[in-house]
Amino acid sequence: MTVFEPIDTLPSLAASAGFVPREAEDSIAQHLLRPLLFDDHEIMLLAGFDAYSRLVGLECAEGDAAGRSIITPQCWNRLLGRRVATVIMAHNHPSGIARASDADISCTRDAGQFLRLVGIDLSDHLIFVESGHFSFRNAGLI
């Protein structure tokens, strides 16, 4: 049976695959990434960890005039120059909708391919909203 919802309504966030409620966030999401993301404009964070899972770099990519975050080559260079083994991407959705857009999916795919070429693992991409975050890993998109 197919259930159709009105176009103006969104499904419950908790029912969305990949959504992690705020109270269930791990310490990296809750204490490292969330405090750096602002609600009024989109910001992209790249957290780099070494082979021992120690944070060795944190880069911020601010949004452009259209509100989208752009990860510049200089941003990647600064992060990857620190002997990074794993990267977590994270950004916020000021709209409050914890769902990956087509642009988010494309950006994640491109970043994952690029990182794989240089021998680095893209561990996850998190999209933060007030009530929690969407995890590409938990949704099976990575």
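Above this text sits the structure in question.
Residues numbered from 1 in each chain as written. Predicted model: local features only at pLDDT ≥ 70, side-chain atom pairs only at ≥ 80, totals over all residues. Heavy atoms only, no water.

Enquirer: Describe helix α3 (residues 102–117), with residues and values.
Expert: Between the first and last C-alpha of α3 there are 23 Å, a value that for 16 residues agrees with the 22 Å anticipated at 1.5 Å per step. Regarding α3, the residues found buried are Asp 104, Thr 108, Ala 111, Gly 112 and Leu 115. What you see down the axis of α3 is that its buried residues fit within an arc of 100°, all on one side. In this structure, α3 carries Asp 102 and Leu 117 as exposed residues pointing more than 90 degrees from its buried face. On its buried face, α3 is in contact with α2 (73–80), β4 (86–92) and β5 (121–129). Trailing α3 by a residue or two, Gly 119 shows a phi angle of about 80°, which is positive. (Helix = DSSP H or I, 4+ residues; strand = E, 2+ residues; numbered from the N terminus. Expected span 1.5 Å × (residues − 1). Buried < 20%, exposed > 50% of the residue type's maximum accessible area, 1.4 Å probe, protein only. Arc of directions from axis to C-beta. Contact = heavy atoms within 4.5 Å.)

Enquirer: Give a detailed account of the layout of surface pockets, specifying residues and quantitative values.
Expert: What the second largest pocket holds in volume is close to 200 Å³. Lining the second largest pocket we find Ile 105, Thr 108, Arg 109, Gly 112, Arg 116, Ile 120, Asp 121, Leu 122, Phe 136, Leu 141 and Ile 142. Of all the elements in the fold, those that place two or more residues in the lining of the second largest pocket are α3 and β5. With five residues, α3 is the single largest residue contributor to the lining of the second largest pocket. Residue classes in the lining of the second largest pocket are distributed as six nonpolar, two polar and three charged. (1 Å grid on protein atoms, 1.4 Å probe; cavity = no way out; pocket = protein on both sides within 12 Å on 5 of 7 lines; lining within 4 Å. Points joined across faces, edges and corners; volume = space filled by probe spheres on them. Nonpolar A, V, L, I, M, F, W, Y, C, P; charged D, E, K, R; others polar.)

Enquirer: Describe the sheet that holds β4, and please don't skip the residues or the numbers.
Expert: Strand pairing in a sheet takes place through backbone hydrogen bonds and is either antiparallel or parallel in direction. Strands sit in the order β1-β6-β5-β4-β2-β3 across an open sheet of six strands; the sheet is mixed. At either end of the open sheet lies a strand with only one pairing partner, and these are β1 (19–21) and β3 (55–62). Across this sheet, the average inter-strand angle for adjacent strands is 20°, counted without regard to direction. Relative to β5, β4 runs parallel, the two sharing seven bridges. Bridge pairing in β5 links Ala 90 to Leu 126. This element, α2, spans β2 (43–49), β3 and β4 of the sheet and lies at about 170° to β3. Each of β2, β4 and β5 touches α3; the most contacted strand, β5, lies at about 155° to it. (Pairing = 2+ DSSP bridges. Axes fitted to C-alpha atoms, helices over the stretch in contact; angles between N-to-C directions.)

Enquirer: Can you break down the pattern of salt bridges residue by residue, with the values?
Expert: Counted according to the given criterion, the structure contains six salt bridges. Linking Arg 34 and Glu 25 is a salt bridge whose minimum nitrogen-to-oxygen distance equals 2.6 Å. Assessed through its relative accessible area of 11%, Arg 34 is described here as buried. Residue classification places Glu 25 among the buried positions, given a relative accessible area of 7%. A salt bridge links Arg 78 to Glu 59; the shortest N-O distance between them is 2.9 Å. One end of the pair, Arg 78, is in helix α2; the other, Glu 59, is in strand β3, and 19 residues separate them in sequence. Arg 78 sits in the partly exposed class, given a relative accessible area of 42%. Residues joined by salt bridges that share partners form a network here, namely Glu 59, Arg 78 and Arg 82. (Salt bridge = Lys/Arg side-chain N within 4 Å of Asp/Glu carboxyl O.)

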